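Survey of secondary and tertiary structure
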Amino acid sequence: ATGLPIWLNVYLSKPGLATSTQLHTDAQDVVLVQCTGRKRWRVYRPPPPGKTPSLDPFARGKGTDHMEFVEEDLLIDTVMEPGQVLYIPAGYPHTTDTLLEPVEDEVASQPSVHLTVGVDSHIWSLSYAHLRQHAL
């Protein structure tokens, strides 16, 4: 329907993990769909490219590259519930955990399962950065 490359991943995390995904960026725009359980998502402003010009801004926090949390750059801090959807643009650092405040309900005891739908929009230069570059 979009004419763009799209992929789908399924992630399963047990309750009580202090880190279920380390701070990292993705090369794709992603749409997250929480299916069961709960997961806390923290999304940060992208770091200035000039701080690490030799690193790919769409592949930070992977391999030997370790990203540091900068609390002033926190944009979103939310706990996803089943049925909720979250969009994260390519290049925005994010991390997750399932270490949630004790809640006495059925959802809290379930593993967190979410779907990640990735859209490779930047491959076709369909990003604000490319638009701005051509307009200037």
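Everything below is about the structure printed above this text.
Reference entry: report on the structure contained in this document.

Some words on the sheet that holds strand S2 (residues 21-24)
- Taken together, the four strands give an open sheet; going across it, the order is S2-S7-S4-S5, and neighbouring strands pair in antiparallel fashion. What marks the edges here is a single partner per strand, and that holds for S2 and strand S5 (74-80). Adjacent strand axes in the sheet meet at a mean angle of 15 degrees, parallel and antiparallel pairs treated alike.
- As paired elements, S2 and strand S7 (residues 94-97) share two bridges and run antiparallel to each other. Bridge pairing links His24 to His94 in S7.

Here we look at the side chain of Asp97
- As for its placement among the helices and strands, Asp97 is situated in strand S7.
- On the basis of relative accessible area, Asp97 is assigned to the buried category, the value being 3%.
- Side-chain polar atoms of Asp97 contact the side chain of Arg42, separated by 3.2 Å.

Focus on the sheet that holds strand S1 (residues 6-13)
- Strand order in the open sheet formed by four strands is S1-S8-S3-S6, with antiparallel pairing between adjacent strands. Each having just a single partner strand, S1 and strand S6 (85-88) make up the two edges of the open sheet. Recorded for the sheet is a direction-independent mean angle of 20 degrees between the axes of neighbouring strands.

The rules we used
Residues numbered from 1 in each chain as written. Predicted model: local features only at pLDDT ≥ 70, side-chain atom pairs only at ≥ 80, totals over all residues. Heavy atoms only, no water. Pairing = 2+ DSSP bridges. Helix = DSSP H or I, 4+ residues; strand = E, 2+ residues; numbered from the N terminus. Axes fitted to C-alpha atoms, helices over the stretch in contact; angles between N-to-C directions. Buried < 20%, exposed > 50% of the residue type's maximum accessible area, 1.4 Å probe, protein only. Polar contact = N/O pair within 3.5 Å; in protein donor to acceptor, adjacent residues only side chain to side chain.

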